Amino acid sequence: MKKIMLSATLLMLFSCATFAQNLEITISGIRNSKGKILLMIESDNLKTPNKYMSEITGKSCNFVLNNIQEGTYKISAFHDENGNYEIDKDEKGIPTEGFILKTIKINKTDLVSKKDTKIDTKLFYPKTAE
């Protein structure tokens with residue numbers, strides 16, 4: 001009986017590991033190297049949003065999120081140029097720092113391929129910003 005329970009447990013763990021992978025996010029189009037890029041990812045699979053922060057290297061920034069499961073993810077990021085951890089806005093409420101909002105879907109086929117999912121996205125800077 002113990003062998004059956006152990007086998008079942010190992011099979012469950014192996015199948016969960018099979019359907020998880022890394023998500024690589026590259027953010028480009030960064031107008032300067034001031035501050036940091038702040039990224040948040042939300043999903044029904046996550047109990048709370050995951051938040052990440054990264055230094056800027058040249059005009060891009062990379063994030064690697066481990067053990068991503070099948071599902072829909074909402075990704076938001078912004079260029080926190082002044083280090084106040086908030087997206088600054090002008091008097092009309094228009095962001096003055098670059099940002100992105102993106103929804104992605106990761107399905108079982110993506111996970112079974114054993115390849116990391118890679119997303120390349122570019123920050124948007126409103127025209128009113130310098």
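Details of the structure are given in the entry above.
Residues numbered from 1 in each chain as written. Predicted model: local features only at pLDDT ≥ 70, side-chain atom pairs only at ≥ 80, totals over all residues. Heavy atoms only, no water.

### Here's the deal with the overall build of the protein
In step 1: Within the protein, the regular secondary structure consists of two helices and seven strands.
In step 2: Reading the helices (α) and strands (β) of the protein from amino to carboxyl end gives α-β-β-β-β-β-β-α-β.
In step 3: Of all 130 residues assigned to the protein, the portion counted as buried reaches 34%.
In step 4: Excluding contacts between residues fewer than 6 apart, the proportion of contacts in the protein whose partners are at least 24 apart in sequence is 71%.
In step 5: Total accessible area on the protein stands at roughly 8900 Å², and carbon and sulfur atoms take up 56% of it. (Helix = DSSP H or I, 4+ residues; strand = E, 2+ residues; numbered from the N terminus. Buried < 20%, exposed > 50% of the residue type's maximum accessible area, 1.4 Å probe, protein only. Contact = heavy atoms within 4.5 Å. Areas by Shrake-Rupley, 256 points an atom, 1.4 Å probe, with all protein chains shown as cover.)

### Here we look at the sheet that holds strand 2 (residues 36-43)
In step 1: One open sheet holds the four strands; their spatial order is 3-2-5-6, and the pairing between them is antiparallel. Unpaired on one side and paired on the other, strand 3 (50-55) and strand 6 (99-106) mark the two borders of the sheet. Neighbour to neighbour, the strand axes of the sheet diverge by 20 degrees on average, direction disregarded.
In step 2: Pairing analysis gives eight bridges linking strand 5 (residues 71-80) to strand 6, with the strands arranged antiparallel. When the sheet's bridge partners are listed, K74 is paired in strand 6 with T103. (Pairing = 2+ DSSP bridges. Axes fitted to C-alpha atoms, helices over the stretch in contact; angles between N-to-C directions.)

### Details of the nonpolar core
Note that soluble globular proteins tend to have their nonpolar side chains buried in a common cluster.
In step 1: Core analysis: the biggest nonpolar cluster contains 21 residues, and L23, I25, I27, I37, F63 and I75 have the highest contact counts within it.
In step 2: Those elements that place two or more of their residues in this core are strand 1 (21-28), strand 2, strand 4 (60-68), strand 5 and strand 6.
In step 3: Ranked by the residues each element gives to this core, the list is headed by strand 4, at four residues.
In step 4: If we skip the residues at most four places from it in the chain, I27 touches I37, L39, K59, S60, C61, F63, A77, I100, T121 and L123. (Core = buried A, V, L, I, M, F, W, Y, C linked by side-chain atoms within 4.5 Å.)

### A short note on the side chain of E81
In step 1: Checked against the element boundaries, E81 lands in the loop between strand 5 and strand 6.
In step 2: Look at E81 and you get buried, because its relative accessible area is 17%.
In step 3: At 2.7 Å, the side chain of E81 forms a polar contact with the side chain of R31.
In step 4: Discounting residues that sit within four places of it in the chain, E81 has contacts with R31, N32, K34, G35, T96, E97 and Y125. (Polar contact = N/O pair within 3.5 Å; in protein donor to acceptor, adjacent residues only side chain to side chain.)

### Re the packing of aromatic side chains
In step 1: Tallying each qualifying case throughout the model produces one aromatic pair.
In step 2: Centre to centre, the rings of F99 and F124 are 5.6 Å apart; their planes meet at 85 degrees, and the pair counts as edge-to-face. Residue F99 is found in strand 6, and its partner F124 is found in the segment after strand 7 (117-122); the two are separated by 25 residues along the sequence.
In step 3: On the accessibility criterion, F99 (19% relative accessible area) is buried. (Phe/Tyr/Trp six-rings, centres within 6.5 Å; stacked < 30°, edge-to-face > 60°.)

### So, the side chain of N32
In step 1: Along the chain, N32 falls in the loop between strand 1 and strand 2.
In step 2: Here E81 takes part through its side chain, which lies 2.7 Å from a polar atom of the side chain of N32.
In step 3: When near neighbours in sequence (up to four residues on either side) are disregarded, N32 contacts I56, K59, H79 and E81.

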